[in-house]
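Now for the letters of each chain:
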Amino acid sequence: MSTPEKVIYMDNNATTAVAPEVFEAMRPFLTELYGNPSSIHHFGGQVAAHIEAAREQMAALLGAAPTEVIFTSCGTESDSAAIHSALSLCPKRNKLVVSKVEHPAVLNLGKDLERRGYRVSLIPVDGKGRLDMERAAEMIDDDTAVVSVMWANNETGNIYPVAELSELAHKNGALFHTDAVQAVGKVPMNLDDLSIDFLSLSGHKLHAPKGVGALYVKRGVRFRPFIVGGHQESGRRAGTENVASIVGLGKAAELASAHLAEETAFVGKLRDKLEKTVLETVPSVRVNGDPEHRLPNTTNISFEYIEGESILMLLDMFGICASSGSACTTGSLEPSHVLRAMGIPYTAAHGAIRFSLSRYNTMQEIDFVLEKLPPVIARLREISPYWKNS
Ligand code: PLP
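Residues numbered from 1 in each chain as written. Predicted model: local features only at pLDDT ≥ 70, side-chain atom pairs only at ≥ 80, totals over all residues. Heavy atoms only, no water.

## Points about the pattern of salt bridges
And step 1. Using the criterion set out here, one finds 21 salt bridges in the structure.
And step 2. For R237, the salt bridge is made with E77, and the minimal N-O distance between the two is 2.8 Å. Here R237, found in the loop between α7 (232-235) and α8 (243-281), pairs with E77, found in helix α3 (residues 75-89); they are 160 residues apart in sequence, far enough to count as distant. Accessibility classification places R237 together with E77 in one group, the buried group.
And step 3. R359 is the salt-bridge partner of E263, the closest N and O atoms lying 3.0 Å from each other. Taken together, the residues E263 in helix α8 and R359 in the loop between β12 (352-356) and α12 (363-382) connect sequence positions 96 residues apart.
And step 4. One network of salt bridges, in which partners are shared, links E52, R55 and E233. (Salt bridge = Lys/Arg side-chain N within 4 Å of Asp/Glu carboxyl O. Helix = DSSP H or I, 4+ residues; strand = E, 2+ residues; numbered from the N terminus. Buried < 20%, exposed > 50% of the residue type's maximum accessible area, 1.4 Å probe, protein only.)

## Thoughts on the nonpolar core
And step 1. M58, L62, W151, V184, M189 and L199 are the most contacted members of the largest nonpolar core, which has 66 residues in total.
And step 2. Per-element tally for this core: the top contributor is α8, with nine residues.
And step 3. With near-sequence residues (within four places) excluded, V184 lies in contact with M58, L61, L62, M189, L199, L201 and L206.
And step 4. One finds V278, L373, I377 and L380 within the second-largest nonpolar core, a separate group that totals 27 residues. (Core = buried A, V, L, I, M, F, W, Y, C linked by side-chain atoms within 4.5 Å. Contact = heavy atoms within 4.5 Å.)

## Concerning the layout of surface pockets
And step 1. Taken as a whole, the second largest pocket holds about 220 Å³ of empty space.
And step 2. What lines the second largest pocket is Y305, I306, E307, S310, Y346, T347, H350, L380, I383, S384 and Y386.
And step 3. Counted by class, the lining of the second largest pocket contains six nonpolar, four polar and one charged residues. (1 Å grid on protein atoms, 1.4 Å probe; cavity = no way out; pocket = protein on both sides within 12 Å on 5 of 7 lines; lining within 4 Å. Points joined across faces, edges and corners; volume = space filled by probe spheres on them. Nonpolar A, V, L, I, M, F, W, Y, C, P; charged D, E, K, R; others polar.)

## Looking at the environment of G211
And step 1. Considering the arrangement of structural elements, one finds G211 in the loop between β7 (198-202) and β8 (213-217).
And step 2. On the basis of relative accessibility, which here comes to 37%, the residue G211 falls in the partly exposed class.
And step 3. Residues G211 and N12 lie 199 residues apart in sequence; the distance between their C-alpha atoms is 16 Å.
And step 4. Once residues within four sequence positions are removed from consideration, G211 is found in contact with T72, S73 and N242.

## What to know about the sheet that holds strand β4 (residues 119-123)
And step 1. Strand order in the open sheet made by the seven strands is β2-β8-β7-β6-β5-β3-β4, with mixed pairing throughout. Among the strands making up the open sheet, the edge pair consists of β2 (69-72) and β4. Averaged over all pairs of adjacent strands, the angle between strand axes in this sheet comes to 20°, irrespective of strand direction.
And step 2. In the sheet, strand β3 (residues 95-99) pairs with strand β5 (residues 144-148) via four bridges, with the strands oriented parallel. Within the sheet, the bridge partner assigned to K95 lies in β5 and is T144.
And step 3. Most of the contacts of α3 go to β7, to which it runs at about 165°, and overall it touches β2, β3, β5, β6 (175-179), β7 and β8. (Pairing = 2+ DSSP bridges. Axes fitted to C-alpha atoms, helices over the stretch in contact; angles between N-to-C directions.)

## Quick notes on the sheet that holds strand β9 (residues 285-287)
And step 1. If you trace the three strands from one edge of the open sheet to the other, you get β9-β10-β12, paired in antiparallel fashion. Two strands in the sheet have a free side with no partner beyond their single neighbour: β9 and β12. The sheet shows a mean angle of 25° between the axes of neighbouring strands, direction not considered.
And step 2. The strands touched by α8 within the sheet are β9, β10 (298-303) and β12, with β10 carrying the most contacts at an inclination of about 15°.
And step 3. Here helix α9 (residues 308-317) sits on the sheet in contact with β10 and β12, set at roughly 45° to β12.

Right, dumping it as structure tokens:
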């Protein structure tokens, strides 16, 4: 298969391009400024100030104080650190409450905790992926140590009522964690005004590099480090800092803060044009998720009676990158756990494609996808026995 001339990248919930400004900010820390921030000498010590500057940039994006930000290696580590801390500091409580549509970073941690004797309750969702808040209220009780519900879903883009859930957790004496890996930089946040105890984020979803993330821990909330050893991050996360990536994450946060409103409006316009035109021009399609409460950059569209993987392969020949379900489930033939939790019929769940956009997409790219996609769907349906019998 020949390599397409250019890449039309619409898989930004899987990972994003490093912003050129981010790369430039990182460069000195990969070349001349290689000192260890913990060193006593000036050459190393000067680097520490840049980590603190990045912490301030990150805090500004979150509407938090710099002392509430701990740098980590990724979103998965932040999720684990928050949940482990909550459980180990509330030894009398034995229960974790999470939604059925969490990322595997939380869901599989829940399964592991179950094997270690904890109880895990999974909050169900309806056909649009909306959380069953009545069931959530029943599940969160005085045995619950921590409630963990994502701010936004990576597959559908659905946004969850984290403010309400944190109140519910606190009413029952539990802590509240949110995996905001997909939300940070895409929705405005002011954590000072909310009672969220822990929030996880990841650099590579935000135009910073892979392998860096952060955990927000609200002032006054007790925290037990997940990784112990050195004194780094004020003793809350040991290990020599990934300085260049932390500086890059700070720059990415600064860019997101500066352009959030205009960028989300722009990206939302592109997404809406793509989604609306597909719905109008391709038969037997449905949008999965809650159009009322959704990230502006994401659309999850089911093309009924065909396989998502086949659609992806044909789109790939034109250089179009999208995803079927979450990146982590690609390669397995099972429909994603998110679409299954929503009760999407198999014939639709198998043909689900997620397009996730970023500031670097253009209307020309949307038009290109709208030109290539309908014939791809028609071609696959011609050879689909399910389509013929539908
Ligand atoms: N949580 C969500 C919602 C995600 O989408 C992802 C990545 O896809 C993660 C957690 C994991 O983040 P990381 O890749 O930084 O470990």
